[in-house]
Structure formats: C-alpha cells, structure tokens
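So the chains spell out like this:
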Amino acid sequence: MTERPTLTVPASLRHARIHGLGGYRPERVVPNSEIVDLIDSSDEWIQQRSGIVTRHRARADETVVDMAEAASREALQAAGVEPGQIGAVIVATVSHPYQTPAAAPILGHRLGIPNPAAFDISAACAGYCYAISLANDMVRAGTTDYVLVVGVEKLSDFTDKHDRGSAFIFGDGAGAAVVGVSDFPGIGPTLWGSLGDQADAITQREAWTDLRPVMEDPERTDPVRWPSIVMQGQTVFRWAVFSMAQVAVETLEAAGVTAEQLDAFVPHQANMRITDAMIKTLKLPPHVPVARDIAETGNTSAASVPLAMSRMLAEGEAKHGGLALQIGFGAGLVYAAQVVVMP
Ligand code: UT7
C-alpha cells in the first residue's frame, strides 16, 4: 500500500481585525405617526416601549443587494482595500427574497470582486456577529486574506403592517465590514449558540410552500397570507434581558477585557429597554458610549450592529482603534457576541 501523502496546511494562525466599516440607510424616513393608525397604537407608546422614533424604508425597487452594495463600497473605501484583494463575501440576511441564488455572489460581481467564495447565512439578528466569527476564522487560518461581511435587511417586505407586535419595530438597511489580516488580535473569542426549542419565538408566519396549494387551485377562495415575520415580544424580551446580558458578561471575560476598558458597547438594536437592562448587568461605567441607533433606524436585524457601530465612529462618539463589545440575538433563537477592535 502506498503511503498517504500529508496535506499541506497552514502551520500557525494569523491575527485578524476589522479594517473598515460602512453603512447604508434608505432615503425614506418613516415616523411612528405613519404606522400607528394601522395597529391602534401611538407615537408615545412606541417610544416608551421600544425607543423607536423613526425607521428607514427602502423603495419598492431597491433590493437587498442594492443596499448591501452601498454599504460595502463605503466599507472597502474606509478599509483602503481593493475589490481584487477580497477572497470571500458573506452576506447575513433573512430578507433576500430569492431562495437561490444567494445575494453574496451577485454582490461580489457588482463590486468587481474577481471570483470570490460567496455565500449567504441565515442567523437573523445575530447574522452579522456570526459572519464576523466565520471571517475571523477564515483569515486566521489562512483560507483568505480579506473577507467582506455584510448584514443587510429589507424587512419592510416581510412585515405585516397590521401586526401590533412587529409593525413598528423593523427597518431596512445595510452594514458592512472588511475583515482581514492584522499584526495584532482584533477580534476576540465569539460566544455563540442557539435554542432551537424556541424557534416559534420569532418566525416567518407561513412557509413558502403553504402558499402553493392556494395559489394553484382556482377553486380555493381562502386569502393567501403573506409569510411575514412575527414574534412573541415578551418571550424574546425576557430572554434578551436575562440570558443575553449574561452572554455579554462572559464575552468580556473570554476576551480578557473589563467593562471599564471598553470604548463602546454595541448591542443589537432590538429595544432601548433591552439595551438599558444589559448596561445594568454589565455594570457598564457611564463613560462607555452605548449604541442607541434604534431611535432613528429601528431594528434592522442583521444590519443593526454594523450600522450602529459605523454611526458611532462617524459621529465621533466612539474612537477609532478602541475596544467594542458587540452582541447580536434573534430568530432561531440564536446569538453571537465578541469584543472587537474598532477600525
Ligand atoms: O430583533 C429580534 C429580537 N427582538 C426583540 O428583542 C424584541 C423583544 N421584544 C420587545 O421589544 C417588546 O416585547 C415589544 C416592544 C415588542 C412589546 O413591548 P412589551 O412591553 O413587551 O409589550 P406587551 O406585548 O407586553 O404589551 C403591553 C401592553 C398590552 O396592553 P395591556 O394588556 O397591558 O392593556 C398590549 O395590548 O401594550 C399593548 N400593546 C400595544 N399598545 C400600543 C401591544 N402592542 C402594542 C402596540 N401599540 N403596538
């Protein structure tokens, strides 16, 4: 028997960091007043219970890929990285309206990235933090030098405007990061996980296949319900406040960083009250700036963390090169968190 040859693999790990961030919010700003009549609500209730004042909504002809492209161009420019240097594109989204092909290969083509590995991931509001973890591992292992990570959602396509529990929450937008080789560690250990027994807590209401019999049978008159995303608000709220705050604490420990040493806290923009509860559990000192982008941008799921962080950097609220704790959590239920060095 001939001896099996030993595979050539990288012998040591490299460091990785985020080199640049970009964000895109659609032009149209939708205030609470435009939403309240359909759900028997009020501007006051929405602001008090969620902290949301406005959200942005994409034009009917503006796609997930369009928004991802805008955010990616900004991230590439901020990173000073050419499309030709990108080896992989990961798009985190739950609202790209094609089962296949994925958004990532189309995005890579639009950006002029030659022949990238390209795929979408579905991890809802944790999608960006999941993708940052994947990109970190890909770069560290030497699979590729630079990865474009995008969190993007056009949730307005999947929101039931009559649903009291979700109609006011979701917004559209995109955030992007270029993750690449670094001479210092720029992405700490990821704490992540899932609770599949809680799959009903946030879910698309119908499967696509549920629509088919109704659409194909001319005899049937029952109305076709659009597969909107709905959630059990209180269940998710309690999980976020009790369990996610603890994950945030453990993520700091895993990175060997104290709350005192943070330069920013960027939680998923789900609800201002969840953010406030996390601040308490983390015992976050008042000098640490906290992302509160939800007020203007709503909950943009996979896009919320990079959108919030890029705004903090652009507005000088957080300092370039500082340490940020970021955490995403949502439908699955799934979550992921890590400490990163901001670009
Ligand atoms: O991004 C993925 C992760 N998502 C989240 O983390 C979201 C987590 N959940 C939440 O943010 C909150 O649960 C919501 C903002 C969705 C809802 O806030 P809540 O404080 O949990 O409201 P609730 O469902 O407990 O309802 C409280 C009251 C009820 O009235 P009564 O029974 O106290 O008289 C509801 O009927 O508010 C009423 N209500 C509303 N009132 C005005 C429920 N929805 C509305 C509404 N407008 N849209």
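Scoring rules and cut-offs
Residues numbered from 1 in each chain as written. Predicted model: local features only at pLDDT ≥ 70, side-chain atom pairs only at ≥ 80, totals over all residues. Heavy atoms only, no water. Helix = DSSP H or I, 4+ residues; strand = E, 2+ residues; numbered from the N terminus. Expected span 1.5 Å × (residues − 1). Buried < 20%, exposed > 50% of the residue type's maximum accessible area, 1.4 Å probe, protein only. Contact = heavy atoms within 4.5 Å. Pairing = 2+ DSSP bridges. Axes fitted to C-alpha atoms, helices over the stretch in contact; angles between N-to-C directions. Parallel < 35°, antiparallel > 145°, perpendicular 65-115°, else oblique. Left-handed = near helix turned anticlockwise from the far one by under 90°. Nonpolar A, V, L, I, M, F, W, Y, C, P; charged D, E, K, R; others polar. Domains from an automatic or database assignment. Buried area = accessible area lost by both parts, 1.4 Å probe. Salt bridge = Lys/Arg side-chain N within 4 Å of Asp/Glu carboxyl O. Polar contact = N/O pair within 3.5 Å; in protein donor to acceptor, adjacent residues only side chain to side chain.

1. Some details on helix α2 (residues 64–79)
Counted at 1.5 Å a residue, the expected span for α2 with its 16 residues is 22 Å, and the 22 Å between its end C-alpha atoms agrees. Those residues of α2 that sit buried are Val64, Val65, Met67, Ala68, Glu69, Ala71, Ser72, Ala75, Leu76 and Ala79. Elements in contact with the buried residues of α2: β1 (15–24), α3 (103–110), β6 (146–154) and β7 (172–182). At the C-terminal side of α2, glycine 80 shows a positive phi close to 70°.

2. Examining the sheet that holds strand β4 (residues 88–92)
Taken in spatial order, the five strands of this open sheet run β1-β7-β6-β4-β5, and their pairing is mixed. The sheet is open, and its two borders are formed by β1 and β5 (117–121), each paired with just one other strand. When strand polarity is set aside, the average angle formed by the axes of neighbouring strands in this sheet is 15°. Here β4 pairs with β5 via five bridges, running parallel. The residue of β5 that forms the bridge with isoleucine 90 is phenylalanine 119. Sheet contacts for α3: β4, β5 and β6; angle to β4, the most-contacted strand, approximately 130°.

3. Some words on the packing of α2 against α3
One can describe the packing of α2 onto α3 by two numbers: an axis separation of 10 Å at closest approach and a directional angle of 50°. Considering the angle they form, α2 stands oblique to α3. The two elements α2 and α3 cross, and the hand of that crossing is right-handed. In contact with Val65, Asp66, Ala68, Glu69, Ser72 and Arg73 of α2, α3 contributes Ala103, Ile106, Leu107 and Arg110. A breakdown of the residues in the contact of α2 with α3 according to their chemical character gives five nonpolar, one polar and four charged.

4. Here we look at the domain arrangement of the protein chain
Each assigned domain of the protein chain is listed here: domain 1 (15–182) and domain 2 (191–341). Once you take the C-alpha centre of each, domain 1 and domain 2 turn out to be 13 Å apart. Between domain 1 and domain 2, the residue contacts involve 47 residues of the former and 44 residues of the latter. With both sides pooled, the region where domain 1 packs onto domain 2 buries about 3,600 Å², and carbon together with sulfur makes up 62% of that total. Considering only the side of domain 1, the residues that lose the most area to domain 2 are Arg25, Cys125 and Phe158, jointly responsible for 19% of the buried surface there. Counting across the interface, domain 1 meets domain 2 through two salt bridges. The tally of links from domain 1 across to domain 2 stands at 20 residue pairs in polar contact (both at pLDDT 80 or more). Elements with a contribution of two residues or more to the side of domain 1 that touches domain 2: β1, α1 (43–50), β3 (54–57), α4 (127–141), β6 and β7.

5. Brief notes about the pairing of β3
Of the two faces of β3, the one holding Thr54 and His56 and the one holding Arg55 and Arg57 are both buried throughout. Two strands pair when backbone bridges link them, and strand β2 (residues 28–31) and β3 are joined in this way by four bridges, in the antiparallel orientation. Its bridge partner lying in β3, proline 31 is registered against threonine 54.

6. Overview of the pattern of salt bridges
Inspection of every chain in the model, using the stated rule, returns 18 salt bridges. Close ionic contact of glutamate 69 with arginine 110 constitutes a salt bridge, the shortest N to O distance being 2.7 Å. With glutamate 69 in helix α2 and arginine 110 in helix α3, the pair connects residues that are 41 residues apart, well separated along the chain. According to the relative accessible area criterion, glutamate 69 is buried, its value standing at 16%. Accessibility expressed as a relative area gives 34% for arginine 110, which makes it partly exposed. One salt bridge connects arginine 311 with glutamate 315, and the closest N-O pair in it is separated by 3.4 Å. Ionic contacts of the salt-bridge type, sharing partners, join the residues Arg25, Asp293, Glu296, Arg311 and Glu315 into one network.

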